[in-house]
Amino acid sequence: MEKHQVICPYCGAGCKYNLLVENNQVIGTEPLNGLTNQGELCLKGMSGYDFINDTKILTPRILYPMIRRHKGAEFERVSWDEALDFTAKKMLQIIEESGPDAIMTTGSSRGGGNEANYVMQKFTRACIGTNNIDNCARTCHGPSIVGLMDVLGSGCMSCSIDGLEDAGCIFLFGYNPAVSHPIVARRIVRAKEKGAKIIVADPRRIETARIADIYLQINNGCNVAFLNSFAYCLIHDGLIDERFIAEHTTGFEEFAQVVEGYAPEKVAHITGVDPEMVHKAARMYATAEPSAIVGWGMGVTQQKQGVKAVRTLASIACISGQIGKPNSGVAPVRGQNNVQGSCDMGMWPSLYPGYQKVDDPAVREKFAKAWGLPVEKLNPNPGAKLTDLVHLVKEGKLRCFYNYGEDPAQTEPDAQEMIETLKNVEFFVCQDIFMTQTTMLADVLLPATSWGEHEGVFTASDRNFQHFTAALPPKGECRHDWEIFADLSTRMGYPMHYENTREIWHECISLVDNFAGATYETMEEQGQAQWPIREGESVGKRDMYAGGVFTTADHKAHLHADEFVEPTELPDEEYPLVLCTVREVGHYSCRSMTGNCRALAALADEPGHVQMHPDDAAARGIKHGQIVRVFSRRGSVYSRAEVSPRINKGTVYMTYQWWIGKCNALTMHVTDPMSGTPEDKFSACQLEALPDQVWAENEVQRQYTELKQELVNNADRQDVAPGAVAVFDDPAHVDQIV
Ligand SMILES: Nc1nc2c(c(=O)[nH]1)N[C@H]1C(S)=C(S)[C@@H](COP(=O)(O)OP(=O)(O)OC[C@H]3O[C@@H](n4cnc5c(=O)[nH]c(N)nc54)[C@H](O)[C@@H]3O)O[C@H]1N2
Ligand SMILES: Nc1nc2c(c(=O)[nH]1)N[C@H]1C(S)=C(S)[C@@H](COP(=O)(O)OP(=O)(O)OC[C@H]3O[C@@H](n4cnc5c(=O)[nH]c(N)nc54)[C@H](O)[C@@H]3O)O[C@H]1N2
Ligand code: SF4
Ligand SMILES: [Mo]
């Protein structure tokens, strides 16, 4: 048996383990003593490996390049040369006719790694000439990046995951670590054991609420009102750090003026919590010794006022002096295993690698020189966002979408609208490891090696770069993501040649002062390298902003508070329930990987669950475990009722992992105007009991089988080698292939 060291491909906790390999099959995992996981793993780390073996439980892997010669044609397997020449020709034609901004690309926050992302953004900027590049952080912690850059200067965690257990208080606001980052949740339990106070504010009584000293069951969608009232208490109850405010911040007067209107007593009808408890929570947080950390997640960011809430959270840390010392400050715990990395690599329309701004001439000068280009070739304008895709395609401004390692047909809001967009975009290239609902719609499908089949570097949520190795050789004709981008770029007239990921990585870090010390050698010697880490340094910074020195231009924190605005689609008579969409513990994002793992697929399957309060279930005659219909202004799906008193009345919760119980068929495409992040946490819906449960169970299975079969049919086209005769029963298709 062989053992190969990897970093987990699921959440951003960055757990380290070995893949156990026998006869070219992964047969298990073995936890290692990584910085964050210390010899432990969660369910997904333990059991989430066998998708690599192409189990075909949910959907097949793609192993050969395929193209559609024209819209509406079937997939046809072709050689790499043909697939890439076909793509290059079409993209060059679009650039010539409509300019580089008619193309959008994405980064992937999953298996590919930092090197693949670096090469993708170089291809996008240097070869195509656009800044239309984005990643799933747009639907995720985008508001944390934008809001924290405004207030503190950097859009990341100020502390470290392992440091959580040494804080005196942890305040969790709209973040459910027991499900989302179980190994981070373990640190919070440790903190509690070491005497830390825990505050949880979440409309659902989440697992961590059980160990909370104060649990605040706030109303959905009230964040800005609640945080303003929290800040009001800090100011009025004598809990602010006046010296810190005077020496290290700007804008306190304006901040105080805004929150003045939000006494907890005055806004209790919005927040839904006992004002006395807000005063208590503010005191517990501000007086904690030696430090306090405020941690947040999607409950904050997937809201119309996401950026505003983030700015207030960061300002709260500043005015109470709970930042700028060890194990303190802000913890927007990044979701995907490498979403911190794809942002680090500049998969963002306004930023080059290392958060260097595209509209800064000195930055463009630096990259142009390094990439051997005249500076005029680098576009000075920030590009479009992933959530702009729909309207740009509709308006005819975007003609090509190159989707690398994302599944928008499942994960973007208003799925039907997104699917139409993907069907309508003139030229749609997909690079993935699986056949998915998105890749099924592609004009060109490029098969990449999976995590486990390539090496690279991921960045964990707390800015730690960690190297992972390959355990298996590539399957079929799969190529590494970075090789595909470099080859395509070369065919399009901007040659890129790299021997390996080490070469790419060392080019990347030579262009970013804050990453320069994170060489492969440092990662090997230290186990990881946490940025900021300058050239020659072997250890980076666990904590940012020491002594209250921020990374803004004037090194001060710029405090911000805003007025509260209600969510966009409030419940009404027709759609009286709030729909909030969250996560499934044993499945991960679009589920292409976890759905193909034997143990995880056996634990939970379609049509997923809809969580509701017993009164909301009773009012509709719904019983626990029954299939129900959930519908909104956008669509209608089936799900299974999960009735629990831990859910707040008037709101139902669905997880976004399911194909049949697809909550994104119900969500709205409305975004925070400051970050472009969808309001996935709040829309209006209704539930209906289904009297004939036998029919309902059969209907779910019928839909599920049909969709799986559609994916298999598309994937089966790869079994017909180029030039061979197809044996499918569709005569039109056979004609084409012959
Ligand atoms: N098992 C598993 N783990 C995952 C993922 C997965 O798919 N499966 N996905 C990963 C990804 S991409 C991410 S980004 C992270 C996300 O991890 P989290 O940030 O924990 O995400 P959610 O569970 O969606 O939302 C967090 C909490 O916000 C609460 N909430 C809802 N509305 C409000 C509100 O108005 N105010 C407040 N304060 N709270 C509210 C919800 O009840 C929920 O408990 O998880 C990662 N980990
Ligand atoms: N309603 C609702 N929707 C949501 C959310 C929510 O809370 N509610 N959460 C949002 C959040 S926070 C996020 S982050 C997004 C996630 O949205 P996505 O990024 O779309 O979801 P993933 O499942 O991570 O998609 C990863 C894709 O990459 C592929 N892949 C994996 N490894 C590799 C590789 O090495 N190379 C290549 N080429 N491909 C690879 C996988 O097969 C999969 O198709 O979903 C968002 N959607
Ligand atoms: S906590 Fe996250 S990184 Fe760690 S094993 Fe679980 S899914 Fe993987
Ligand atoms: Mo995420």
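Now for a quick tour of the structure. None of these values were measured; they are calculated from a predicted model.

**Here's the deal with the overall build of the chain**
Check the secondary structure of the chain and you find 25 helices and 28 strands. Over its C-alpha atoms the chain spans a radius of gyration of 25 Å, differing by no more than 12% from the 27 Å that the globule rule assigns to 738 residues. Structurally, the chain occupies a C-alpha span of about 80 × 70 × 55 Å along its principal axes. Classification of the 738 residues of the chain by burial places 66% in the buried group. Accessible surface, the chain: about 24900 Å² in total, of which carbon and sulfur atoms supply 50%. If the 68 positive side-chain charges of the chain are averaged to one point and the 96 negative ones to another, these points end up 2 Å apart.

**Looking at the environment of valine 425**
Tracing the sequence through the fold places valine 425 in the loop between helix H18 (415-424) and strand S17 (427-432). With a relative accessible area of 2%, valine 425 lands in the buried category. C-alpha of valine 425 to C-alpha of lysine 397: the two residues are 28 residues apart in sequence and 9.9 Å apart in space. With near-sequence residues (within four places) excluded, valine 425 lies in contact with Lys71, Val393, Leu398, Arg399, Cys400, Phe401 and Asp443.

**So, unusual backbone geometry**
Across the junction of glutamate 289 and proline 290, the peptide omega takes the value -5°, indicating a cis bond. Mapped onto the fold, proline 290 is located in the loop between helix H11 (275-286) and strand S12 (292-296). Looking along the chain, the bond that leaves tryptophan 531 and enters proline 532 is cis, with omega of 0°. Mapped onto the fold, proline 532 is located in the loop between strand S21 (529-530) and strand S22 (557-558). Backbone geometry places asparagine 24, a non-glycine residue, at a positive phi of 60°. With respect to the helices, strands and loops of the structure, asparagine 24 is situated in the loop between strand S2 (16-22) and strand S3 (25-31). A positive phi angle, near 40°, is found at glutamine 38, a position not held by glycine. Inspection of the secondary structure assignment puts glutamine 38 in the loop between S3 and helix H1 (43-47).

**A short note on the nonpolar core**
One finds Leu152 and Phe226 to be the most contacted residues of the largest nonpolar core, which totals 178 residues. Apart from the residues within four sequence positions on either side, leucine 152 is in contact with Ala314, Cys318, Ile323, Val330, Tyr545, Phe550, Thr551, Thr552 and Ala557.

**Here we look at the site of ligand 1**
Taken together, 37 residues lie near ligand 1, and Ser180, Asp202, Asn223, Arg583 and His587 sit nearest. Arginine 204 places a polar side-chain atom, nitrogen or oxygen, 2.9 Å from an oxygen atom of ligand 1. Protein chains shield 99% of the accessible area of ligand 1, which is 910 Å² for the free molecule. Listed by contribution, the elements that provide at least two residues to the shell around ligand 1 are helix H5 (177-180), helix H12 (298-301) and strand S23 (577-582). Split by residue class, the shell around ligand 1 holds 16 nonpolar, 15 polar and 6 charged.

**Some details on the environment of isoleucine 161**
With respect to the helices and strands, the residue isoleucine 161 is situated in the loop between helix H4 (142-151) and strand S8 (169-173). On the accessibility criterion, isoleucine 161 (1% relative accessible area) is buried. With residues near it in sequence (within four places) discarded, isoleucine 161 still touches Gly12, Ala13, Thr36, Val184, Arg187, Ser461 and Asp462.

**A word on the packing of helix H3 (residues 114-128) against helix H19 (residues 481-491)**
At a minimum axis separation of 8 Å, H3 and H19 run at an interaxial angle of 15°. Classified by the angle between their axes, H3 and H19 sit roughly parallel to one another. Remark: the crossing between H3 and H19 carries left-handed chirality. In this structure, H3 contributes Glu115, Ala116, Val119, Met120, Phe123 and Cys127 to the contact, and H19 contributes Asp481, Trp482, Phe485, Ala486, Leu488 and Ser489. Considering only residue class, the contact of H3 with H19 consists of 9 nonpolar, 1 polar and 2 charged.

**So, the packing of aromatic side chains**
Inspection of the entire model under this criterion finds 28 aromatic pairs. A ring pair is formed by phenylalanine 123 and tyrosine 402, whose centres lie 6.2 Å apart and whose planes are at 70°; its orientation type is edge-to-face. Taken as a pair, phenylalanine 123 in helix H3 and tyrosine 402 in strand S16 (residues 400-404) lie far apart in primary sequence, 279 residues in all. Taken as a pair, phenylalanine 123 and tyrosine 402 share a single burial class, namely buried. Here phenylalanine 244 and phenylalanine 550 contribute two aromatic rings whose centre-to-centre distance is 6.2 Å and whose plane-to-plane angle is 85°, an arrangement assigned as edge-to-face. One end of the pair, phenylalanine 244, is in helix H8 (residues 242-248); the other, phenylalanine 550, is in the loop between S21 and S22, with 306 residues separating them in the sequence. This pair shows no difference in class: phenylalanine 244 is buried, exactly as phenylalanine 550 is. A network of ring pairs unites the aromatic residues Phe171, Phe173, Phe226, Phe230 and Tyr285 as a single cluster. The ring of tryptophan 80 carries the charged tip of arginine 479 above its face, separated from the ring centre by 5.2 Å.

**Some thoughts on the site of ligand 2**
Surrounding ligand 2, one finds 35 residues, the nearest of these being Asp407, Thr411, Asp432, Ser592 and Asn664. At a separation of 2.8 Å, an oxygen atom of ligand 2 approaches a polar side-chain atom of arginine 110. A distance of 3.0 Å separates a nitrogen atom of ligand 2 from a polar side-chain atom of arginine 583. Of the residues assigned to the shell around ligand 2, the class counts are 11 nonpolar, 16 polar and 8 charged.

**Focus on the packing of helix H7 (residues 223-236) against H11**
Where H7 contacts H11, the axes come no closer than 9 Å and their chain directions differ by 65°. As the angle between them shows, H7 and H11 are arranged roughly perpendicular. In this structure, the crossing between H7 and H11 has a hand that is right-handed. For the pair H7 and H11, contact is made by Phe226, Ser229, Phe230, Cys233 and Leu234 and by Val278, His279, Ala281, Ala282, Tyr285 and Ala286, respectively. A class-by-class count of the residues in the contact of H7 with H11 yields 9 nonpolar, 2 polar and no charged.

**Considerations on the side chain of arginine 204**
For arginine 204, the location among the structural elements is in the loop between strand S9 (197-201) and strand S10 (214-216). Buried arginine 204, no salt bridge; nearest opposite-charge side chain is aspartate 202, N-O distance 4.5 Å. Aside from chain neighbours lying at most four places away, what touches arginine 204 is Asn176, Tyr215, Gln217, Val582, Gln611, Arg646, Ile647, Asn648 and Tyr653.

**Examining the pairing of strand S27 (residues 651-655)**
Within a regular strand, the side chains alternate between the two sheet faces. Burial within S27 is extensive, with 5 of its 5 residues counted as buried. Here S27 shows two buried faces, one formed by Thr651, Tyr653 and Thr655 and the other by Val652 and Met654. Here 5 bridges tie S23 to S27, and the two strands are oriented parallel to one another. Its bridge partner lying in S27, valine 578 is registered against threonine 651. In terms of strand pairing, strand S24 (residues 609-612) meets S27 through 2 bridges, oriented antiparallel. Its bridge partner lying in S27, valine 610 is registered against methionine 654.

**Quick look at the sheet that holds strand S7 (residues 133-134)**
If you trace the 7 strands from one edge of the open sheet to the other, you get S5-S4-S18-S17-S16-S6-S7, paired in mixed fashion. Strands at the two margins of the open sheet, each flanked by one partner only, are strand S5 (76-77) and S7. Strand direction decides the pairing type here: strand S6 (residues 103-106) and S16, joined by 3 bridges, are parallel. The residue bridging methionine 104 from the neighbouring strand is phenylalanine 401, located in S16.

Rules behind the numbers
Counting starts from 1 at the beginning of each chain's written sequence and moves along it residue by residue. Naming scheme: in the order in which they are written, chains are lettered from A and ligands are numbered from 1. Residue-level local features of this predicted model are given only where pLDDT is at least 70; pairs of side-chain atoms are given and counted only at 80 or more, and the full residue set underlies all totals for whole chains, interfaces and linings. Remark: hydrogens and water are excluded; side-chain values derive from all non-hydrogen atoms of the structure. Counting from the N terminus, the helices are the DSSP runs of H or I reaching at least four residues and the strands are the DSSP runs of E reaching at least two. Radius of gyration here uses only the C-alpha atoms, and the compact-globule reference equals 2.2 Å multiplied by the residue count raised to the power 0.38. Here the term buried applies to any residue with accessible area under 20% of the maximum for its type, exposed to any over 50%, and partly exposed to those in between, with areas from a 1.4 Å probe on protein chains only. In these tables, accessible area is a Shrake-Rupley quantity obtained with a 1.4 Å probe, and a residue counts as shielded only by the protein chains included in the view. Asp and Glu count as negative and Lys and Arg as positive, but His and the ends of the chain are not part of the count. Taken as the charge centre is NZ of Lys, CZ of Arg, CG of Asp or CD of Glu, depending on the residue. Only heavy atoms enter the contact rule, under which two residues are in contact if any of them lie within 4.5 Å. The term nonpolar core refers to a set of buried residues drawn from Ala, Val, Leu, Ile, Met, Phe, Trp, Tyr and Cys, joined through side-chain atoms within 4.5 Å. A cutoff of 4 Å decides nearness: a residue is near a molecule or strand if any of its heavy atoms lies inside that distance of it. For this analysis, a polar contact is any N or O atom pair within 3.5 Å, provided that within protein one partner can donate a hydrogen and the other can accept it, and provided that sequence-adjacent residues contribute only side-chain to side-chain pairs. The classification used treats Ala, Val, Leu, Ile, Met, Phe, Trp, Tyr, Cys and Pro as nonpolar, Asp, Glu, Lys and Arg as charged, and all other residues, Gly among them, as polar. Only the stretch in contact is used when a helix axis is fitted, and all axes are lines through C-alpha atoms; the angle between N-to-C directions ranges over 0 to 180 degrees. Angle categories: roughly parallel below 35 degrees, roughly antiparallel above 145, roughly perpendicular from 65 to 115, and oblique for all the rest. Working rule for handedness: look at the near helix, and if it is turned counterclockwise from the far one by less than a right angle, call the crossing left-handed; if clockwise, right-handed. Aromatic rings from Phe, Tyr and Trp, with only the six-membered ring used for Trp, were paired whenever their centres fell within 6.5 Å, and each pair was classed as stacked if the ring planes differed by under 30 degrees, edge-to-face if by over 60, and tilted otherwise. Any Lys NZ or Arg CZ that is within 6 Å of a ring centre and within 35 degrees of that ring's normal is treated as a charge sitting over the ring. Every case where a carboxyl oxygen of Asp or Glu lies within 4 Å of a side-chain nitrogen of Lys or Arg is listed as a salt bridge. One requirement defines pairing of two strands: DSSP has to find at least two bridges between them.

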